[in-house]
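Here is how the chains run, residue by residue.
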Amino acid sequence: MERINDTLNKWANGGQFQERYNRLSEQVLHDPHIAHFLKENSSKISEEMLNKSMGKLYEYSTQSKECANCPSLDGCINMMQGYHPHLVLRGNYIDINYDRCPRKEHADEKKKHEKLIQSLYVPKEILSASIADFDFSSDDRVAALEKATEFVEKYTPGSKMKGLYLYGKFGVGKTYLLGAIANGLARKRISSLLVYVPDFLREIKNSISDHTLGEKLEMVKKAPVLMLDDLGAETMSSWGRDEVFGPILQFRMLEDLPTFFSSNFDFNQMKNHLTVSQRGEIEEVKAARIMERIRYLAEPVLLDGLNRRR
Ligand code: ADP
Ligand code: MG
């Protein structure tokens, strides 16, 4: 980066200083932003002040304002990437303040937003899902979308609102819709935790040995909005059902914390899935207890349509 004073010195030493200085002043004074600033503050700016500030004004004229001369944030041409200049009066000279440019503000905002959606094992593409992109090619899709939109619009932290239990065939967009809800909530500064159940159970089992089980369970229990994706795709052991999911769902019921599910199974199939233990035992009462919690927490919504995965 070449400082303006260095440039001026070089020119001065190179001779023809006056001529170049005049040309520089002309460039400065023809800059519409500068002309506007000088006009607005004409009562406070003397000729002497103007001359003293010529270096600053030249620096200002070379910088992109409102991202007008930059192709992107990465391609920002300004001395400080992501910052654009504003002219200010400081005592008896004109100075420059650098503030975040619109693109940088937008990028920072986006980063903050992404932090609001924690995701355990959910594909990146889902994290950019948007309700606006959801296709409503059938009535039940419209209904699902309406319920999702209603939740995003109406939910406020601390209030009691049922989540959704999205069920339907593989590839119809259940995970996508959960991601879109999470994104909608993030815009309201509400943080969601998306958990892909089969991987979560595997991880939870492994964390028994490294003593992080309690911590992980706590995080899932207390997530402001929890989305349990693909429940039923795992091989649920009695332990997973009664020691992991049972307490998580119980806690969320008591605390009125919104909980969403997605599954290939409807409620009946889910009940069967939870009933048969890996050892082949039929554990109806325990399964019924979990089903009761799921029903309490979420409204079943069928999502149909074509398989989008090819
Ligand atoms: P499911 O969870 O029901 O099995 P997914 O949500 O994973 O289905 O969707 C299957 C594929 O289709 C994914 O690659 C997903 O990104 C894509 N997809 C789903 N719905 C949409 C949509 N409305 N717009 C664009 N892509 C979508
Ligand atoms: Mg899915």
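Residues numbered from 1 in each chain as written. Chains lettered and ligands numbered in written order. Predicted model: local features only at pLDDT ≥ 70, side-chain atom pairs only at ≥ 80, totals over all residues. Heavy atoms only, no water.

Looking at an unreviewed UniProt entry, the chain carries the name Primosomal protein DnaI, with the source organism given as Peribacillus deserti.

Side note on the overall build of the chain
Just so we agree on the cut-off: Comment: elements are numbered from the N terminus, with helices defined as DSSP H or I runs of at least four residues and strands as E runs of at least two. A radius of gyration in this sense is built from C-alpha atoms; the matching globule rule multiplies 2.2 Å by the number of residues raised to 0.38. Exposure is judged per residue with a 1.4 Å probe applied to protein chains only, and the accessible area is read against the type maximum: over 50% gives exposed, under 20% gives buried, and values in between give partly exposed. Residue contacts are defined here by distance: any two heavy atoms, one from each residue, within 4.5 Å place the two residues in contact. Surface accessibility follows the Shrake-Rupley procedure with a 1.4 Å probe radius. Residue values consider only the protein chains on display as shielding.
Helix and strand content of the chain: 14 helices and 8 strands. Its C-alpha atoms give the chain a radius of gyration of 30 Å, more than 25% over the compact-globule value 19 Å for 310 residues. Overall, the chain is about 95 × 50 × 40 Å in size when its C-alpha atoms are taken along their principal axes. In the chain, buried positions account for 43% of the 310 residues. The long-range fraction of contacts in the chain, counting pairs at least 24 apart against all pairs at least 6 apart in sequence, stands at 73%. Surface exposure of the chain reaches about 17000 Å², of which carbon and sulfur atoms provide 51%.

So, the nonpolar core
Stated precisely, the cut-off is as follows: To define a nonpolar core, start from buried Ala, Val, Leu, Ile, Met, Phe, Trp, Tyr and Cys residues and group those joined through side-chain atoms within 4.5 Å.
With 28 residues, the main nonpolar core has Phe245, Phe261 and Ile294 as its most contacted residues. Residue assignment for this core shows that the elements contributing at least two residues are strand E5 (192-196), helix H10 (197-206), helix H11 (213-222), strand E6 (225-229), helix H12 (238-254), helix H13 (267-275) and helix H14 (284-297). Among the elements that line this core, the one with the most residues is H14, at 5 residues. The next biggest cluster of nonpolar side chains, apart from the first, holds 22 residues, and it includes Leu166, Ile181, Leu194 and Val301.

Comments concerning the environment of Ala288
Following the sequence through the fold, Ala288 ends up in helix H14. As for Ala288 and Leu274, which are separated by 14 residues in sequence, their C-alpha atoms are 8.3 Å apart.

Points about the domain arrangement of the chain
Put simply, the test is: For the domains described, the bounds stem from an automatic or database domain assignment.
Here the chain is partitioned into domain 1 (4-100) and domain 2 (108-302). Here the C-alpha centre of domain 2 lies 55 Å away from the C-alpha centre of domain 1.

Topic: the pairing of strand E2 (residues 93-100)
Defined as follows: When DSSP finds two or more bridges between two strands, those strands count as paired.
Of the pairings in the sheet, the one linking strand E1 (residues 83-90) to E2 comprises 8 bridges and is antiparallel in character. Bridge assignment links Tyr83 to a residue of E2, and that residue is Arg100.

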